[in-house]
Amino acid sequence: MINGEIALGQPIPWGLVGGGQSSQIGYIHRSAALRDGSFALVAGAFDIDAERGRQFGQRLGVSAERCHADYRALFEAEARRPDGIRAVSVATPNDTHFEICQAALHAGLHVVCEKPLCFTSAQARELLALSGAKNKIVGVTYGYSGHQLIEQARAMIARGDLGQIRIVQMQFSHGFHSTAVEAANPSTRWRVDPKFAGPSYVLGDIGTHPLYISTLMLPALKIERLLCSRQSFVQSRAPLEDNAFTIMQYAGGAIGYLWSCAVNAGSMHGQQIRVIGANASLQWWDERPNQLRYEIQGQPAQVLERGMDYLHPDALHDDRIGAGHPEGLFEAWSNLYYRFALAMDATDRRDAKALSGIRYPDIHAGLEGVRWVENCVRLRALPSTGPQRKCRSSKS
Ligand SMILES: NC(=O)c1ccc[n+]([C@@H]2O[C@H](COP(=O)([O-])OP(=O)(O)OC[C@H]3O[C@@H](n4cnc5c(N)ncnc54)[C@H](O)[C@@H]3O)[C@@H](O)[C@H]2O)c1
């Protein structure tokens, strides 16, 4: 159970790059990092607009001299202080992740980076090598993976409750971008521009979330081949897709299917994962994260509830309030930041045994997400009359 006791002796002095006043994701980073006393926000370069960032940082309680114009100034100034930051989170648009993570590692900082980690697997491998050389962690905020019932699914699948795994059905499929909302929304505008978003829109922006959850639930499954079809239903988004279907063939014969979509009109989040075995299935939906549906062939369906004694101990470890009271995305993110802090501490102490016991989305998870997107989009654009259509089968 997590109850607010400070896990480490002292909070880790922590900085934030991006996540400014109007950003979508900055607040949940701060809320999650500060929730359990594992981090203290003491510095930042919060905004592309230096003055706006400085003012915002001060309103967050950061002293004026530690609110910097950009990440370079932040890392340089903090390195000179005896009480300087030891970790930084990167919550900026995708095109900046690689250079900021690289600079942070060179500055000797642990890093938490937004997904997608970077644009290419070559860049991700560079960060992997650098994090090893510097003995620093890179965590990636696949925030939904902090929901406790994902651990329950992992334990049940490992125990063989479903029988041999046959099918993994995944989707993250919302309707918020069914029209060209980017015309009026800067937060969406960069997402559909390859210069800032990278080689994909929905695959990297949302598809990688259920993909990572599938690797948590099913660590033994390895993708052997994949087929991807991408469309730009709002044509101004081409060459980036606002819908994609990916079919994955796993070693051993199981098959997976992932629908990434921002034009599923009427849908809210629509992030779901259903794992189908020879005897039974499990289904988890991020809009009802406190419930896990368990269906045994020929029997009435069961709904397992977060916080109940009948769950596996791994699914109770991060419980904060007990069963019945709903926990949500903010708690899931707090669980992740709690684990990031433990991983940073174990890494600093070079305690490999402790580190191996902490399950968190690490640089390998970041690399896998980037590699998956790369494999999905590695094709030449086809001439299009109507929605952009692309399809490819490749070895993964
Ligand atoms: N993990 C998740 O569930 C999740 C959810 C939403 C967004 N994201 C990711 O978070 C990142 C940011 O997304 P967002 O929706 O918050 O974007 P946003 O456009 O809403 O906000 C970006 C913020 O970064 C600042 N910024 C931009 N460039 C900067 C720079 N060079 N230095 C300092 N600050 C800079 C902007 O001023 C703004 O405050 C993206 O990589 C996105 O994919 C992740």
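Here the residue index of a chain counts from 1 through its sequence in written order. Two thresholds apply to this predicted model, a pLDDT of at least 70 for residue-level local features and 80 or more for giving and counting side-chain atom pairs, whereas whole-chain, interface and lining totals are computed over all residues. Heavy atoms throughout the structure, all of them, feed into the side-chain values; hydrogens and water do not.

Enquirer: What is the right way to read the pattern of salt bridges from this model?
Expert: As a working rule, side chains carrying opposite charge can pair if their charged atoms are close by. We count a salt bridge whenever a side-chain nitrogen from Lys or Arg sits within 4 Å of a carboxyl oxygen from Asp or Glu. Tallying each qualifying case throughout the model produces 25 salt bridges. Where aspartate 348 meets arginine 86, a salt bridge forms, and the shortest distance between an N and an O atom there is 2.8 Å. Within this pair, whereas aspartate 348 is found in helix α11 (residues 329–348), its partner arginine 86 is found in the loop between α3 (71–79) and β3 (87–91), the two being separated by 262 residues in sequence. Type-normalised accessible area, obtained with a 1.4 Å probe on protein chains alone, sets the label of each residue: buried when under 20%, exposed when over 50%, and partly exposed for intermediate values. The exposure class of aspartate 348 is partly exposed, given its relative accessible area of 30%. The partner of arginine 230 in a salt bridge is glutamate 241, with the nearest N and O atoms 2.5 Å apart. Taken together, the residues arginine 230 in strand β7 (residues 223–232) and glutamate 241 in the loop between β7 and β8 (243–250) connect sequence positions 11 residues apart. Given a relative accessible area of 5%, arginine 230 falls into the buried group. Note on glutamate 241: relative accessible area 0%, which makes it buried. Strands are runs of DSSP state E lasting at least two residues, helices are runs of H or I lasting at least four, and both sets are numbered from the N terminus onward.

Enquirer: Would you mind going over empty space enclosed by the protein with me for this structure?
Expert: Rolled over the atoms, a probe with the dimensions of a water molecule shows which regions are left empty. Any residue with an atom within 4 Å of a point lines the site, the site being either a cavity, points on a 1 Å grid over the protein atoms alone where a 1.4 Å probe fits but cannot get out, or a pocket, an open set with protein on both sides within 12 Å along at least 5 of 7 lines. Grid points are joined across faces, edges and corners, and a volume is the space filled by probe spheres set on the points. Summed over the entire model, instances satisfying the criterion amount to two cavities of 30 Å³ or more. Forming the walls of the largest cavity are Asn94, Pro116, Cys118, Phe119, Ala197, Pro199, Ser200, Gly204, Val370, Val373 and Glu374. Broken down by element, the lining of the largest cavity gets its largest block of residues, three residues, from helix α13 (residues 363–377). Its boundaries defined by the atoms lining it, the second largest cavity holds a volume of some 50 Å³. Lining the second largest cavity, in full, are Gly146, His147, Gln148, Pro289, Asn290, Arg306, Glu327, Gly328, Glu331, Ala332 and Asn335. Here the term charged refers only to Asp, Glu, Lys and Arg, the term nonpolar to Ala, Val, Leu, Ile, Met, Phe, Trp, Tyr, Cys and Pro, and the term polar to all other amino acids, Gly among them. Split into classes, the residues belonging to the lining of the second largest cavity amount to two nonpolar, six polar and three charged.

Enquirer: Explain the site of the ligand to me, please; I cannot follow it from the model alone.
Expert: Definition of nearness: a residue and a molecule or strand are near each other if at least one heavy atom of the residue lies within 4 Å of the molecule or strand. Asn94, Glu114, Thr141, Ser187 and Trp190 are the nearest of the 25 residues found near the ligand. Polar contacts, as counted here, are pairs of nitrogen or oxygen atoms within 3.5 Å of one another; within protein the pair requires one atom able to donate a hydrogen and one able to accept it, and residues that are adjacent in sequence qualify only if both atoms are side-chain atoms. Within the backbone of glycine 20, a nitrogen or oxygen atom sits 2.9 Å from an oxygen atom of the ligand. Within the side chain of asparagine 94, one N or O atom sits 2.7 Å away from an oxygen atom of the ligand. The protein chains hide 90% of the 860 Å² of surface that the ligand would expose on its own. Secondary-structure elements contributing two or more residues to the shell around the ligand are β1 (12–18) and α9 (202–217). Here the shell around the ligand is built from residues that sort into nine nonpolar, 11 polar and five charged. Here the accessible surface of atoms and residues is derived via Shrake-Rupley with a 1.4 Å probe, and residues count as covered only by protein chains that are part of the display.

Enquirer: I tried to follow α13 on my own but got confused; where do I start?
Expert: An α-helix turns once every 3.6 residues. As a result, residues three or four positions apart point the same way. Residue count minus one, scaled by 1.5 Å, sets the expected span of a helix. Its 15 residues place the ends of α13 21 Å apart at the C-alpha level, agreeing with the 21 Å of an ideal helix rising 1.5 Å per residue. Burial in α13 covers these residues: Ile363, Ala365, Gly366, Leu367, Gly369, Val370, Trp372, Val373, Asn375, Cys376 and Val377. Put simply, aspartate 362 is the residue that caps the front of α13, since its side-chain oxygen is 3.1 Å from the backbone nitrogen of histidine 364.

Enquirer: For this particular structure, what's the right way to read the pairing of strand β6 (residues 165–173)?
Expert: It is a general feature of regular strands that their side chains alternate between the two faces of the sheet. Two strands pair if DSSP finds at least two bridges between them. Judged from the six bridges that link them, β6 and strand β10 (residues 272–277) form a sheet pairing that is antiparallel. Bridge pairing in β10 links isoleucine 167 to isoleucine 276. Pairing between β6 and strand β9 (residues 255–261): seven bridges, direction parallel. Directly across from glutamine 171, in β9, lies its bridge partner tryptophan 259.

Enquirer: Would you mind going over the nonpolar core with me for this structure?
Expert: Joining through side-chain atoms within 4.5 Å is the link that ties buried Ala, Val, Leu, Ile, Met, Phe, Trp, Tyr and Cys residues into a set, and such a set is a nonpolar core. In this structure, Leu117 and Met217 are the most contacted members of the largest nonpolar core, which totals 75 residues. The contact definition used throughout considers only heavy atoms, calling two residues in contact when any of these lie within 4.5 Å. Leucine 117 has contacts with His97, Phe98, Cys101, Ala124, Leu127, Val138, Val140, Ile363, Gly366, Leu367 and Val370, leaving out every residue within four places of it along the chain. Core analysis: the next-biggest nonpolar cluster, separate from the first, contains 27 residues, Leu16, Val62, Val112 and Phe340 among them.

Enquirer: Is there a simple way to explain the sheet that holds strand β4 (residues 110–113) in this structure?
Expert: The sheet built from five strands is open, its strands ordered β2-β1-β3-β4-β5 with parallel pairing. Sheet topology places β2 (39–45) and β5 (138–140) at the edges, where each strand pairs with a single neighbour. Neighbouring strand axes in the sheet, compared pairwise and without regard to direction, differ in orientation by 25 degrees on average. In the sheet, β3 pairs with β4 via four bridges, with the strands oriented parallel. Bridge assignment links valine 90 to a residue of β4, and that residue is cysteine 113. Between N-to-C directions, angles cover 0 to 180 degrees, with each direction set by a line fitted to C-alpha atoms, over the stretch in contact for helices. Its contacts with the sheet place α3 against β1, β2 and β3, and it is angled at close to 130 degrees to β2.

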